[in-house]
Amino acid sequence: MRVAIAGAGLAGLSCAKYLVDAGHTPIVLESRDVLGGLVAAWKDDDGDWYETGLHAFFGAYPNMLQLMGELNILDRLQWKQHTLIFNQPEKPGVLSRFDVPDIPAPFNVIASIINNNDMLTWEQKIRFAWGLLPAIIRGQKYVEDMDKYSFLEWLERQGIDEKVNSDIFIAATKALTFINPDEVSSTILLTALNRFLQERYGSKIAFLDGSPTERLCQPIVDYVVERGGEVHLKKPLKEILLNADNTVRGFAIRGLDGAPDEVITADAYVSAMSVDVMKVLRPESWKSMDFFKKLDGLEGVPVINLHLWFDLKLTDIDQLLFSRSALLSVYADMSVTCKEYEDPDRSMLELVLAPAKDWIDKSDEEIIAATMLEIEKLFPQHFKTETPAKLRKYRVVKTPRSVYTASPGRQAYRPDQATPIQNFFLSGSYTMQRYLGSMEGAVLSGKLTAQAISNAESLAVSTEQRPLVTTP
């Protein structure tokens, strides 16, 4: 069966990978000139990489780890010490650690909380642990039912101290969802906490040894192409063309750089684009269908990723750090954490600005000026001196619509991978799967989409050779 896939992010690429494994022929069509979607990366004129996001891999990413294992690239993950590290704004330059011992879950995470004496009192620790019990023992149905509450509301209902929220969860929710605890669905955070509490190495963090585009996405492309699939860049979807019965008859592709428009035909079709783009490209006759109307309840969250190159080394900490800043969520010195970005003498900080909704329309200069004020608080030893560190260059990468905004009630709007249209499927971390909008969610959605296509008995492979490309 030939399958046309619009989008070469992790969802579209993983869908293609599992389709070729099942004996099908995927044709992946990417609108931009770079692979990866929300994990895309580029090189500047100096040969330095900058990325769409600060991409941390967790031990609780089983589908991502399986995919990388099947591609024989697991050795590209650089695993860090099993710990979570938080800045302490009230003590500039001081870090607080939750070191997770190598003992079975959930005792390892509990021990890390008990042994941390910098951030929580014993009363707060006990209330915290007691409040988490329902999510642990009552299972996934309980977690799903909590979608009607924001995470802050859920904490209050459990009697968990506000200081636990301000000290830990504001940073954690901004890092995982790019919004604050009073805006995010409790289902999302409880799902993540369950994974961290139930899996021995669930909260252990790794970084890729280079750019996601080259070190993760390209191996998937190579795998797919070697097995007969195709991946094409600069092939933006212009229109979903329909038959009289509302099934898809082709993808109209806009010609770029003087090339004519073309139509890609296949046996099945997949949108692996973001939910915001899919809403725009829905055919008019689909918009009245309940399934596709649900998409209006989802929209991407704005995200800003920052890269700052300095003239000296700011830190030697080889780990993701939670900034606990009002402006920033997480950061890492990529010159330490990533092999390809390594620089023994100078730092390159990669940071996530969140929430970004009030900043997405501001100039790069305004964003960097505000960020530098926060950086000076994080590293006072390097800036409050007679010879302060100097910013050599910077990059601001804005994504006005990133992963779906995981606010309360959104679970009801997340669609299945199979649609009411016989030969049309969806893929993306916004579709219904057990993980939040993340790299893991994207990979799992791609796998589920490939399974749905393979299981669709009504999509019998034609015995006649269909043309791949026709004119409109």
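Residues numbered from 1 in each chain as written. Predicted model: local features only at pLDDT ≥ 70, side-chain atom pairs only at ≥ 80, totals over all residues. Heavy atoms only, no water.

A. Seen up close, the overall build of the chain. In terms of helices and strands, the chain carries 15 helices and 21 strands. For the chain, the C-alpha radius of gyration of 23 Å lies close to 23 Å, the compact-globule estimate for 472 residues. When the backbone C-alpha atoms are referred to their principal axes, the chain occupies close to 70 × 55 × 40 Å. If you take every contact in the chain between residues at least 6 apart in sequence, the share linking residues at least 24 apart comes to 69%. Carbon together with sulfur atoms contributes 51% to the accessible area of the chain, which is approximately 19600 Å² in total. Each charge sign in the chain was given a centre, from 50 positive and 63 negative side chains, and these centres are 3 Å apart. (Helix = DSSP H or I, 4+ residues; strand = E, 2+ residues; numbered from the N terminus. Rg over C-alpha atoms; globule rule 2.2 N^0.38 Å. Contact = heavy atoms within 4.5 Å. Areas by Shrake-Rupley, 256 points an atom, 1.4 Å probe, with all protein chains shown as cover. Lys, Arg positive; Asp, Glu negative; His and termini not counted. Charge placed at Lys NZ, Arg CZ, Asp CG, Glu CD.)

B. Region of interest: the packing of aromatic side chains. As enumerated under the stated definition, the model contains 14 aromatic pairs in all. Put simply, the rings of Trp286, Phe291, Phe292 and Phe424 pair up and form one aromatic cluster. The side chain of Lys393 reaches across the aromatic face of Trp309, ending 4.7 Å from its centre. (Phe/Tyr/Trp six-rings, centres within 6.5 Å; stacked < 30°, edge-to-face > 60°. Lys NZ or Arg CZ within 6 Å of the ring centre and 35° of its normal.)

C. A look at empty space enclosed by the protein. All chains considered together, the criterion is met by three cavities of 30 Å³ or more. Considering only enclosed or pocket space, the largest cavity measures out at about 50 Å³ in volume. A per-class count over the lining of the largest cavity returns five nonpolar, two polar and one charged. (1 Å grid on protein atoms, 1.4 Å probe; cavity = no way out; pocket = protein on both sides within 12 Å on 5 of 7 lines; lining within 4 Å. Points joined across faces, edges and corners; volume = space filled by probe spheres on them. Nonpolar A, V, L, I, M, F, W, Y, C, P; charged D, E, K, R; others polar.)

D. Looking closely at the pairing of strand S2 (residues 25-29). Counting buried positions over the five residues of S2 gives four, a clear majority of the element. Remark: the strand S1 (residues 2-6)/helix H1 (residues 10-21)/S2 crossover connection has right-handed handedness. Of the strand pairs in this sheet, S2 and strand S10 (residues 230-232) are connected by three bridges, and their pairing is parallel. Of the residues in S10, the one forming a bridge with Leu29 is His232. (Buried < 20%, exposed > 50% of the residue type's maximum accessible area, 1.4 Å probe, protein only. Right-handed = clockwise from strand over helix to strand, strands pointing away. Pairing = 2+ DSSP bridges.)

E. Region of the structure containing the environment of Glu153. Of note, Glu153 is situated in helix H6 (residues 151-157). On the accessibility criterion, Glu153 (38% relative accessible area) is partly exposed.

F. Structural view of the pattern of salt bridges. Evaluation of the coordinates by the stated rule reveals 26 salt bridges. Across the pair Arg97 and Asp99 runs a salt bridge whose closest N-O atoms are separated by 3.1 Å. Bridged by salt links that share partners, the residues Asp44, Asp46, Asp48 and Lys393 form one connected network. (Salt bridge = Lys/Arg side-chain N within 4 Å of Asp/Glu carboxyl O.)

G. Inspection of the side chain of Lys447 at higher detail. Take Lys447: it is sitting in helix H15 (residues 439-455). In this structure, Lys447 is in contact with Ser14, Tyr18, Asn63 and Gln66, ignoring residues within four places of it in sequence.

H. Here's a closer look at the sheet that holds strand S16 (residues 321-322). Read from one edge to the other, the open sheet built from seven strands follows the order S8-S7-S16-S17-S18-S15-S19, with strand pairing classed as mixed. Strand pairing shows two members of the sheet lacking a second neighbour, strand S8 (95-99) and strand S19 (391-399), which therefore form its edges. As judged from the five bridges shared by strand S7 (residues 83-87) and S8, these two strands associate in the antiparallel manner. Across the sheet, Asn87 pairs through a bridge with Leu95, a residue of S8. Contacting S7, strand S15 (303-310), strand S17 (328-333), strand S18 (348-353) and S19, helix H13 (residues 364-378) runs over the sheet at an angle of about 115 degrees to S19. (Axes fitted to C-alpha atoms, helices over the stretch in contact; angles between N-to-C directions.)

I. The arrangement of the sheet that holds strand S9 (residues 205-208) in detail. With antiparallel pairing, three strands are arranged side by side in an open sheet as S5-S9-S6. Each edge of the open sheet carries a strand with a single partner, namely strand S5 (57-58) and strand S6 (77-79).

J. Quick peek at a negative patch on the surface. On the surface, a cluster of negative charge is contributed by Glu153, Glu156, Glu162 and Asp182. Residue position: Glu162 is located in helix H7 (residues 162-177). Among the residues examined, Glu162 registers a relative accessible area of 46% and is labelled partly exposed. (Patch = residues over 30% accessible without salt bridge, like charges linked within 9 Å, V, L, I, M, F, W, Y side chains within 5 Å.)

K. Examining the side chain of Asn63 more closely. If you trace the backbone, Asn63 turns up in helix H2 (residues 62-70). When sequence neighbours within four positions are dropped, the list of residues in contact with Asn63 reads Tyr435, Glu440, Val443, Leu444 and Lys447.

L. Structural view of a nonpolar patch on the surface. Where nonpolar side chains cluster on the molecular surface, the patch consists of Ile103, Phe107, Ile110, Ile114, Trp122 and Ile126 and spans about 590 Å² of accessible area. Counting residues per element, the nonpolar patch draws most heavily on helix H3 (residues 107-114), at three residues. Relative to the assigned elements, Ile103 resides in the loop between S8 and H3.

M. Representation of the packing of helix H4 (residues 122-137) against helix H8 (residues 186-198). Contact geometry for H4 and H8: axes closest at 10 Å, N-to-C directions at 85 degrees. With respect to their mutual orientation, H4 and H8 come out roughly perpendicular. On H8, the residues touching Leu132, Ala135 and Ile136 of H4 are Leu190, Leu193, Asn194, Leu197 and Gln198. Its residues assigned to classes, the contact of H4 with H8 comprises six nonpolar, two polar and no charged. (Parallel < 35°, antiparallel > 145°, perpendicular 65-115°, else oblique.)

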